[in-house]
2 protein chains.
Amino acid sequence: MLIRRAEKMPGEPVEMDGARFVTMRLMVGRDDGAANFAMRHFTVEPGGHTPRHSHDYEHEVYVVSGSARVEHDGEFQEFGSGDVVYIRPQALHQFTNTGDGQFAFLCMVPVTRDCGTPTPGS
Amino acid sequence: MLIRRAEKMPGEPVEMDGARFVTMRLMVGRDDGAANFAMRHFTVEPGGHTPRHSHDYEHEVYVVSGSARVEHDGEFQEFGSGDVVYIRPQALHQFTNTGDGQFAFLCMVPVTRDCGTPTPGS
C-alpha cells in the first residue's frame, strides 16, 4: 500500500521562469499508476513565489501551512493554512509567500492536458 | 476566485452502508467546473469508520488531522496527520478512526468513472 509523507520525499527545485525559492515533491503521479490526476507538494520559502503563468489545465490547491497572496486573472487575495483554492484552466495565476515562514501547499493537476500529452510534474 | 474552508462548507452525513460517524464536505466538484477530479473533505468522529468497499476509481488522500487505520486489499497500516495514501481502483479499503479526536482527511476522486457516469460525491 502506498503511504508517503512530504518530508521523506525527494524535493526538486522548480527551475521554471519566474519561480523563486520553490520546491516540488511528487506525492502521487503517473508512475504510481494514477490514471487521472496527480498530487504534488510544494514549498515556497519566505520572499519566494510560483511562476506567474497560465495553462490549459486546472489546479486544485490545499494550503498545508503558512500564508500567501494568490493572483487569479487580475484578482488578488490573501489566504493561508486550511484554505482550498481552485485555479481555472487558462487563468493567469501566481502564489507569493507573504509570511515569515515557509508556505506549503498541495496542488492537484490532471495527468494529461487537453491534447493528451502528460501534464508537467504529474 | 474560488477560495473555501472546510469549516464554512455545508456538511453531509455519509449514509452509505457501513459508514459510521462520517461527514463529507465537497470542496471542489463538477458544479464548480472541475472537469477532471473533485476534492472532498471528510471527518470521522472517534469510534467511526468509512465504508469497507471497493469501486472502479482511485482515491488520493491527504490526512489533515487525527490518526486512523487503513485497510487496503487485506493490508492494514496506521497513519495520521500529514500522510498521503493512494487507494488503487478496485482495492477493498476502509479508514477507521483509532484516535480520541476527530480524523479529518481530503479525498480526491476523478469526476467520472470508467464508463463515464459521474462519480458519487464529486
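In this text, all values refer to a predicted model and were calculated from it rather than measured experimentally.

Participant: Residues and numbers for the overall build of chain A, please.
Facilitator: A tally of helices and strands in chain A yields zero helices and 10 strands. For 122 residues, the compact-globule estimate of 2.2 N^0.38 gives 14 Å, and chain A sits close to it at 14 Å. Counting the 122 residues in chain A, one finds 40% classified as buried. Taking the intrachain contacts of chain A between residues at least 6 apart in sequence as the baseline, contacts between residues at least 24 apart amount to 60%.

Participant: I'd like a rundown of the interface of chain A and chain B, residues and numbers included.
Facilitator: In this assembly, 29 residues from chain A lie in contact with 29 residues from chain B. If you list the elements that add at least two residues to the side of chain A that touches chain B, you get β1 (2–5), β3 (20–28), β4 (37–49), β5 (59–65), β7 (75–80), β8 (83–87) and β10 (103–110) of chain A. Residue classes in the side of chain A that touches chain B are distributed as 16 nonpolar, five polar and eight charged. Note: β1(A) against strand β8 (residues 83–87) of chain B, four bridges, orientation antiparallel. Bridge pairing links A:Arg5 to B:Asp83 in β8(B).

Participant: Just give me the short version of the nonpolar core, but keep the residues and values in it.
Facilitator: Core analysis: the biggest nonpolar cluster contains 62 residues, and A:Val61, A:Phe105, A:Met108, B:Val61, B:Phe105 and B:Met108 have the highest contact counts within it. Not counting residues up to four positions away in its chain, the partners in contact with B:Val61 are B:Val84, B:Val85, B:Ile87, B:Phe105, B:Leu106 and B:Cys107.

Participant: Talk me through the relation of the copies chain A and chain B; I want residue IDs and the actual numbers.
Facilitator: Laying chain A over chain B is done by rotating through 180° and shifting 0.0 Å along the axis; what remains is an RMSD of 0.0 Å. Here the transformation between the copies is reduced to the relation of a two-fold axis. Taken as a fraction of all interface residues of chain A, those also at the interface in chain B reach 100%, which identifies the copy contact as same-surface.

Participant: Explain the environment of A:Val63 to me, and be specific about the residues and the numbers.
Facilitator: Inspection of the secondary structure puts A:Val63 in strand β5. For the pair A:Val63 and A:Gly82, spaced 19 residues apart in the sequence, the C-alpha separation amounts to 5.3 Å.

Participant: An account of the pairing of β10(A) is needed here, citing residue identities and associated values.
Facilitator: Residue and element names in this part refer to chain A. Most of β10 is tucked away, with eight of its eight residues classed as buried. Across the two faces of β10 the burial is the same, with Phe103, Phe105, Cys107 and Val109 and Ala104, Leu106, Met108 and Pro110 all buried. Two strands pair when backbone bridges link them, and β4 and β10 are joined in this way by eight bridges, in the antiparallel orientation. Paired with Phe42 across the strands is Phe105, a residue of β10.

Participant: Explain the pairing of strand β6 (residues 67–72) of chain A to me, and be specific about the residues and the numbers.
Facilitator: Residues and elements named next belong to chain A. Residue alternation in β6 divides its side chains into a buried set, Ala68, Val70 and His72, and an unburied set, Ser67, Arg69 and Glu71. With six bridges joining them, β6 and β7 adopt antiparallel strand pairing. Within β7, the position partnered with Ala68 by the bridge is Phe79. Linking two consecutive strands that pair antiparallel, namely β6 and β7, is a turn of two residues; a positive phi of about 50° is found at Asp73 within it.

Participant: Go over the environment of B:Gln102 with me, naming the residues and quoting the values.
Facilitator: Residue and element names in this part refer to chain B. Within the element layout of this structure, Gln102 appears in the loop between β9 (93–97) and β10 (103–110). Distance from Gln102 to Gly47, taken between C-alpha atoms, is 9.4 Å for residues 55 residues apart in sequence. Not counting the four nearest positions on each side in its chain, Gln102 is found in contact with Thr43, Glu45, Ser65 and Gly66.

Cut-offs and rules
Each chain carries its own residue numbering, running from 1 in the direction its sequence is written. All chains are assigned letters beginning at A, and all ligands numbers beginning at 1, according to the order in which they are written. Note on the predicted model: pLDDT of at least 70 is required for a residue's local features to be given, and 80 or more for side-chain atom pairs to be given and counted; whole-chain, interface and lining totals, by contrast, use all residues. A run of H or I in DSSP becomes a helix once it reaches four residues, and a run of E becomes a strand once it reaches two; helices and strands are each numbered from the N terminus. Two things to know: the radius of gyration comes from C-alpha atoms, and the globule rule equals 2.2 Å times the number of residues to the power 0.38. To sort residues by burial, count the other C-beta atoms lying within 10 Å of each one's C-beta; a count of 20 or more means buried, 12 or fewer means exposed, and anything in between means partly exposed. C-beta atoms are built from the backbone. A pair of residues counts as a contact when their C-beta atoms, built from backbone coordinates, are separated by no more than 7 Å. Any residue outside Ala, Val, Leu, Ile, Met, Phe, Trp, Tyr, Cys, Pro, Asp, Glu, Lys and Arg is labelled polar, Gly included; the first ten of those are nonpolar and the last four are charged. Between any two strands, pairing holds if DSSP finds at least two bridges. Take the buried Ala, Val, Leu, Ile, Met, Phe, Trp, Tyr and Cys residues, join any whose C-beta atoms are within 7 Å, and the set you get is a nonpolar core. Least-squares superposition of the copies uses the C-alpha atoms of those residues scoring a pLDDT of at least 70 in each of them.

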